[in-house]
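# Overview (structure and organization)
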Amino acid sequence: MNITISPCPNDTFVFHAWVHGLIPGASKIDVSYADIDITNTLAASSKGPDVVKISYAALPWVLSEYALLPCGGALGKGCGPLVLTSNNVSDNNDPARLSGRRVAVPSERSTAYLLFRLWAAQHVPGGVGEIVVLPFHEIMPAVRDGLVDAGLVIHEARFTYPSYGLTLLADLGSWWEGDTNLPIPLGAIVARRSLNLAAITGWIQASVHYAWTHPEESKEYVLQHSQELSTDVTQAHIKLYVNEFTENIGETGYKAVATLLSRAAQEGLVPKVDLSALYL
């Protein structure tokens, strides 16, 4: 079985035990690591992995072949994408300044970009200008260096953006939570419908439990793939993104996913989804 996840600390923390053969009875896996824009594209292709981490925003394009697993992904509160600008801009706190401007995003099918489009429709008169897709770790340097006017960032950028001399324009998580009182559905784990989905779900949940029970064992593996982040940042990242929804999406998590995709479909941003297809 082959799987593709991101190199981010939450993914490597969650999957450490399965990747290293520590889950009794679990299938051996061949694991690859890729940025979310790549995994979203892979899942939509005919040659996608057996199990893959994607954005929840990408689900409408893959649900015919892949099933959403109720575990392993990233949902939560206080962990949403951020819109950042340079400190050199005098009107940093006015969202209208993005009208007609260049904005870097991590993927055009990411939950971050979907939330950004829903937010911008309310706050940016006339809409933004050019959208530039960059790997997420290149976005803050691009904003700092003036290559783009603003950047939409995810993951550990929440903890590190001040070191780039950047200013927070909007916290899309706070906006979403205030509007819906629901967690943000960020990253999903999906598996091909032809596989034993119940078994895979059990193995991932066992891997989550192992990670929580033996947190020290995954540290070296997490740091190896975390793009030179400090131990403090990786631990803060894991604490924020690995939570009760990682173990089981639950009723609240499914409601959040359905709300996001329904709103986006109403705005014409994603294809309409049969919400019953979200459940195993």
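First things first, this report covers the structure right here in the doc. Everything numeric in this text was worked out from a predicted model, so none of it was measured.

The rules we used
Each chain carries its own residue numbering, running from 1 in the written order of its sequence. For a predicted model such as this one, the threshold for reporting local features is a pLDDT of at least 70, and the threshold for listing and counting side-chain atom pairs is 80 or more; totals across whole chains, interfaces and linings nevertheless cover every residue. Note: side-chain values were computed over all heavy atoms of the structure, leaving out hydrogens and water. What counts as a helix is a DSSP run of H or I of at least four residues, what counts as a strand is a run of E of at least two, and both are numbered from the N terminus. Radius of gyration here is computed from C-alpha atoms only, and the compact-globule reference equals 2.2 Å multiplied by the residue count raised to the power 0.38. Residue burial is assigned from relative accessible area. The probe radius is 1.4 Å, only protein chains are included, and a residue is buried under 20% of its type maximum, exposed over 50%, and partly exposed in between. When checking whether two residues touch, look at their non-hydrogen atoms; a contact exists if any pair is within 4.5 Å. Per-residue accessibility takes into account occlusion by the displayed protein chains alone, with areas from the Shrake-Rupley method and a 1.4 Å probe. Charge convention: Lys and Arg are scored as positive, Asp and Glu as negative, and His as well as the terminal groups of each chain are ignored. To locate a charge, take NZ of a lysine, CZ of an arginine, CG of an aspartate or CD of a glutamate. DSSP calls a pair of strands paired once it identifies at least 2 bridges connecting them. To get an axis, a line is fitted to the C-alpha atoms, and for a helix only the part in contact is used. The angle between two axes follows their N-to-C directions and goes from 0 to 180 degrees.

Across its full length, the chain carries 11 helices and 11 strands. By the compact-globule yardstick of 19 Å for 280 residues, the chain fits well, its C-alpha radius of gyration being 18 Å. If one aligns the C-alpha atoms of the chain with their principal axes, the spans along those axes are about 60 × 40 × 35 Å. When burial is assessed residue by residue, the chain has 57% of its 280 residues classed as buried. Once local pairs closer than 6 in sequence are excluded, the contacts in the chain between residues at least 24 apart make up 80%. Per element, the accessible surface of the chain, about 11700 Å² overall, is 49% carbon and sulfur. Here the chain contributes 18 positively and 27 negatively charged side chains, and the mean placements of these two sets differ by 4 Å.

Moving on to helix H1 (residues 9–19). Burial of H1 is extensive: 10 of the 11 residues sit out of reach of the surface. Those residues of H1 that sit buried are Pro9, Asn10, Asp11, Thr12, Phe13, Val14, Phe15, His16, Ala17 and Trp18. Downstream of H1 by one or two residues, glycine 21 has phi in the positive range, about 70°.

Strand pairing in a sheet relies on backbone hydrogen bonds, with the paired strands running either antiparallel or parallel. Sheet architecture is open: five strands sit in the order E8-E7-E9-E6-E10, paired in mixed fashion. The open sheet has two edge strands with one neighbour each: strand E8 (131–133) and strand E10 (166–171). Neighbour to neighbour, the strand axes of the sheet diverge by 30° on average, direction disregarded. In terms of strand pairing, strand E7 (residues 103–105) meets strand E9 (residues 150–153) through two bridges, oriented parallel. Looking at E9, one finds that valine 103 is bridged to alanine 150. Contacting strand E6 (82–86), E7, E8, E9 and E10, helix H3 (residues 111–123) runs over the sheet at an angle of about 130° to E9. Packed on one face of the sheet, helix H6 (residues 172–180) meets E6, E9 and E10 and runs near 15° to E10.

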